[in-house]
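# Observations on the three-dimensional arrangement
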Amino acid sequence: MDDLQVSCAIRVTDLVVGFGRQVVLNELSLDVRRGEILGLVGASGGGKSVLMRTIIGLIPRRSGTIEVMGVPLGGAAERATQEAAARWGILFQQGALFSSLTVKQNVQFPLRENLQMSPALMDEIAIAKLEMVGLRAEDGDKFPAELSGGMTKRAALARALALDPAIVFLDEPTSGLDPISAGDFDALIKTLQRTLGLTVFMVTHDLASLNTVCDRVAALADGKIVAIGPMRDLLQSEHPWVRAYFHGKRSQMLQPKAS
Ligand SMILES: Nc1ncnc2c1ncn2[C@@H]1O[C@H](COP(=O)(O)OP(=O)(O)OP(=O)(O)O)[C@@H](O)[C@H]1O
């Protein structure tokens, strides 16, 4: 394994994904470095969710390769190795908690599915994960319908962290939150990245998140990554879509992050 592979948490090469005659991702290549927070931006319907879902194996690819922690996925590689490499946590849009389960049971769901452990240990782990994301142990007994939007995102993040993943996928984690809650959630993600050494792949439209928590930002347009780098580099990009995105009216309050 060369140095580049070791430093890459996810390496996507020449990925083609489509539905019928529609090609959504067209020979897309992208490296996500270990331990970084990478933000992915792109037009609505441009293929951000499709990219994330293809990486985690929910959508088949037509061609191209995907490596996670240096292990090729979906190829001839041994299944157990792939599963180990693919131990990731996912926070889907809207949290996607099971409404008939309590928060604690939601957090314990991946543990039940993947590991054999005593109820007492599962309780201990669930409470530790809830506290890690800023919820109280008592919140664990609530049902999803009894949570605020911010609490729902935190509960979903606790579930994503249940199996101690090396990589976390976040699909628009701050959508629907007020700016203060969104800022708190961003700070939480940054803290978890630093303390747990997480690699974070984050689809977001939130310019403040891109500017404050992302180490690098990748822009998806025309089925490809057309720009990637720290936010200040994206702001300098000459690509027409990237310019329109970051220099449009709604972006005028955006200030580049000091280096
Ligand atoms: N399962 C599917 N079957 C057919 N077409 C699909 C499927 N999933 C996604 N698409 C199409 O792929 C394209 C990209 O969709 P995707 O959800 O990835 O966009 P997105 O960039 O995440 O958009 P948004 O920012 O609005 O969430 C769209 O044209 C969508 O209709």
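Quick notes on the rules
- Residues numbered from 1 in each chain as written.
- Predicted model: local features only at pLDDT ≥ 70, side-chain atom pairs only at ≥ 80, totals over all residues.
- Heavy atoms only, no water.
- Near = heavy atom within 4 Å.
- Polar contact = N/O pair within 3.5 Å; in protein donor to acceptor, adjacent residues only side chain to side chain.
- Areas by Shrake-Rupley, 256 points an atom, 1.4 Å probe, with all protein chains shown as cover.
- Helix = DSSP H or I, 4+ residues; strand = E, 2+ residues; numbered from the N terminus.
- Nonpolar A, V, L, I, M, F, W, Y, C, P; charged D, E, K, R; others polar.
- Axes fitted to C-alpha atoms, helices over the stretch in contact; angles between N-to-C directions.
- Parallel < 35°, antiparallel > 145°, perpendicular 65-115°, else oblique.
- Left-handed = near helix turned anticlockwise from the far one by under 90°.
- Contact = heavy atoms within 4.5 Å.
- Core = buried A, V, L, I, M, F, W, Y, C linked by side-chain atoms within 4.5 Å.
- Buried < 20%, exposed > 50% of the residue type's maximum accessible area, 1.4 Å probe, protein only.
- Phe/Tyr/Trp six-rings, centres within 6.5 Å; stacked < 30°, edge-to-face > 60°.
- Lys NZ or Arg CZ within 6 Å of the ring centre and 35° of its normal.
- Pairing = 2+ DSSP bridges.

### What to know about the site of the ligand
Neighbouring residues of the ligand: 13 residues in total, closest Gln 22, Gly 45, Lys 48, Ser 49 and Val 50. In this structure, an oxygen atom belonging to the ligand sits 3.2 Å away from a side-chain N or O atom of Ser 44. A distance of 2.8 Å is found between an oxygen atom of the ligand and a side-chain nitrogen or oxygen belonging to Lys 48. Protein chains bury 60% of the 640 Å² of accessible surface belonging to the ligand in isolation. Of all the secondary structure elements, the ones that give two or more residues to the shell around the ligand are β2 (22–33) and α2 (48–55). Among the elements that make up the shell around the ligand, the one with the highest residue count is α2 (three residues). When the residues that make up the shell around the ligand are grouped by side-chain class, the tally is four nonpolar, seven polar and two charged.

### A look at the packing of helix α4 (residues 103–114) against helix α6 (residues 149–160)
Contact geometry for α4 and α6: axes closest at 7 Å, N-to-C directions at 30°. By the angle class used here, α4 and α6 are roughly parallel. Here α4 runs over α6; the crossing is right-handed. Listed contacts from α6 to Val 103, Asn 106, Val 107 and Pro 110 of α4 are Ala 155, Ala 158 and Arg 159. The class makeup of the residues in the contact of α4 with α6 is five nonpolar, one polar and one charged.

### Some points on the environment of Phe 143
Tracing the backbone shows Phe 143 in the loop between α5 (119–132) and α6. Spatially, the C-alpha atom of Phe 143 lies 5.8 Å from that of Val 103, the residues being 40 residues apart in sequence.

### Regarding the nonpolar core
If you look at the biggest cluster of nonpolar residues, it comprises 44 residues, and the most contacted ones within it are Leu 157, Leu 170, Met 202, Leu 210, Val 217 and Phe 246. A total of five residues in this core trace back to one element, the largest contributor, which is helix α7 (residues 179–196). The next biggest cluster of nonpolar side chains, apart from the first, holds 31 residues, and it includes Val 17, Leu 28, Phe 169 and Phe 201.

### Focus: the packing of aromatic side chains
In the structure shown here, the tally under the stated rule is five aromatic pairs. Aromatic pair Tyr 245 and Phe 246: ring centres 5.0 Å apart, planes at 80°, arrangement edge-to-face. In this structure, Tyr 245 and Phe 246 share a single accessibility class: buried. Here a set of aromatic residues connected by ring pairs shows up, and it is made of Trp 88, Phe 169 and Phe 201. Sitting over the ring of Phe 98, Arg 159 keeps its end group 5.2 Å from the ring centre.

### Points about the sheet that holds β2
Pairing is antiparallel in the open sheet, where four strands are placed in the order β2-β1-β4-β5. At either margin of the open sheet sits one strand with a lone partner, and together these are β2 and β5 (71–72). Where strand β1 (residues 8–19) and strand β4 (residues 63–68) come together, five bridges link them in antiparallel fashion. By the bridge assignment, Thr 13 is partnered in β4 with Thr 65. Packed onto the sheet, α2 meets β1, β2 and β4 and runs at close to 115° relative to β1.

### Details of the sheet that holds strand β9 (residues 216–221)
As summarised here, the arrangement of the six strands in space is β6-β7-β8-β3-β9-β10, forming an open sheet in which the pairing is mixed. With partners counted over all chains shown, the strands left at the sheet margins are β6 (88–91) and β10 (224–229), one partner each. Taken pair by pair, the neighbouring strands of this sheet meet at an average axis angle of 20°, ignoring direction. Bridge analysis of strand β3 (residues 37–42) against strand β8 (residues 199–203) gives four bridges, and the strand direction is parallel. Across the sheet, Leu 38 pairs through a bridge with Phe 201, a residue of β8. Most of the contacts of α6 go to β6, to which it runs at about 165°, and overall it touches β6 and β7 (167–171).

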